[in-house]
Amino acid sequence: MKSTVEYLKEKGIRPSAQRVAIMKYLLENMIHPTVDDIYNGVLPYMPTLSKTTVYNVLKHLEENGALQSLTIDDKNVRYDADVKSHAHFKCQCCGKLYDLKQPDISPLSGINDFEITNMHLYCWGLCPKCKSEKASSNKDF
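Keep in mind it's a predicted model, so treat the numbers as computed, not measured. (Residues numbered from 1 in each chain as written. Predicted model: local features only at pLDDT ≥ 70, side-chain atom pairs only at ≥ 80, totals over all residues. Heavy atoms only, no water.)

Undergrad: Kindly report on the overall build of the protein, identifying the contributing residues and their values.
TA: Of the regular secondary structure elements, the protein holds 5 helices and 5 strands. Of the regular secondary structure in the protein, the N- to C-terminal order runs α-α-α-α-β-β-β-β-β-α. Along the three orthogonal principal directions, the C-alpha set of the protein runs to about 50 × 45 × 30 Å. Sorting the 141 residues of the protein into buried and exposed places 34% on the buried side. When contacts within the protein are restricted to residue pairs at least 6 apart in sequence, those whose partners lie at least 24 apart make up 45%. Surface accessibility of the protein: about 9200 Å² in total, with carbon and sulfur atoms responsible for 51%. Across the protein, 18 positive and 17 negative side-chain charges occur, with their mean positions spaced 5 Å apart. (Helix = DSSP H or I, 4+ residues; strand = E, 2+ residues; numbered from the N terminus. Buried < 20%, exposed > 50% of the residue type's maximum accessible area, 1.4 Å probe, protein only. Contact = heavy atoms within 4.5 Å. Areas by Shrake-Rupley, 256 points an atom, 1.4 Å probe, with all protein chains shown as cover. Lys, Arg positive; Asp, Glu negative; His and termini not counted. Charge placed at Lys NZ, Arg CZ, Asp CG, Glu CD.)

As structure tokens, this is what we get:
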């Protein structure tokens, strides 16, 4: 497994202390964290870190292809270090985000001469745990 520094260098990103710490957090916490999650997760190791720095680093990492931002809800932007093409599912009960295999979009490519270069697919519903709890309790979520 490559180091965080090597990963950043492969993406053409100069590995500053803040960039390494934030990217390391994202790679070790594949939970689609928010800015607050990232800030609170890195702060104990970097007490001088500001939220502005976190925002700026995340923007730089995204612009260079090291992560993707998710706007699956209107409350928070989430961040994903998995930049391979995949879909996301948000449970409407517990709020947890899950990665899903993205369906093949090749049949859409070339429709009306458009070339699809990027696609975000978001799904909402109940995760297996919440679905099971709903069924066993017969209550609405």
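Anyway, onward from the coordinates.
Undergrad: Which residues make up helix H2 (residues 17-28), and what values go with them?
TA: Since the α-helix advances by 3.6 residues per turn, residues separated by three or four positions end up pointing in the same direction. Given a rise of 1.5 Å per residue, 12 residues ought to cover 16 Å, and the 16 Å separating the end C-alpha atoms of H2 matches this to within 8%. Within the sequence span of H2, burial applies to Arg19, Val20, Ile22, Met23, Tyr25 and Leu26. Packed against the buried residues of H2 are helix H1 (4-10), helix H3 (35-42), helix H4 (51-63) and strand S2 (78-80). (Expected span 1.5 Å × (residues − 1).)

Undergrad: Describe in detail the sheet that holds strand S3 (residues 86-91), supporting the description with residues and values.
TA: Taken together, the 3 strands give an open sheet; going across it, the order is S4-S3-S5, and neighbouring strands pair in mixed fashion. On the outer flanks of this sheet lie strand S4 (97-101) and strand S5 (122-125), each paired with one strand and no other. Between one strand axis and the next, the sheet turns through 30 degrees on average, direction left out of account. Where S3 and S4 come together, 5 bridges link them in antiparallel fashion. Across the sheet, the residue bridging to Lys90 is Leu97, located in S4. (Pairing = 2+ DSSP bridges. Axes fitted to C-alpha atoms, helices over the stretch in contact; angles between N-to-C directions.)

Undergrad: Lay out the packing of H2 against H4 with the relevant residues and their values.
TA: Remark: H2 packs on H4, axes separated minimally by 10 Å, with the N-to-C direction vectors making an angle of 75 degrees. The angle between H2 and H4 falls in the class roughly perpendicular. Every residue of H4 that contacts H2 at Gln18, Arg19, Ile22, Met23 and Leu26 is listed here: Thr53, Val54, Val57, Leu58, His60 and Leu61. (Parallel < 35°, antiparallel > 145°, perpendicular 65-115°, else oblique.)

Undergrad: Please provide a residue-by-residue account of the layout of surface pockets, values included.
TA: The gaps of empty space that remain are located by a probe, the size of a water molecule, rolled over the atoms. Its volume calculated, the largest pocket comes out at about 210 Å³. Taken together, 14 residues make up the lining of the largest pocket; nearest its centre are Gln68, Val83, Ser85, Asn118 and Met119. Residues belonging to the lining of the largest pocket are distributed by class as follows: 4 nonpolar, 8 polar and 2 charged. Here the second largest pocket is characterised by a volume of approximately 160 Å³. Every residue along the wall of the second largest pocket is listed here: Ala21, Lys24, Tyr25, Glu28, Asn29, Gly41, Val42 and Tyr45. The set of elements that each furnish at least two residues to the lining of the second largest pocket consists of H2 and H3. Here the lining of the second largest pocket takes 4 residues from H2, the largest share from any one element. Grouping the amino acids of the lining of the second largest pocket by side-chain chemistry returns 4 nonpolar, 2 polar and 2 charged. (1 Å grid on protein atoms, 1.4 Å probe; cavity = no way out; pocket = protein on both sides within 12 Å on 5 of 7 lines; lining within 4 Å. Points joined across faces, edges and corners; volume = space filled by probe spheres on them. Nonpolar A, V, L, I, M, F, W, Y, C, P; charged D, E, K, R; others polar.)

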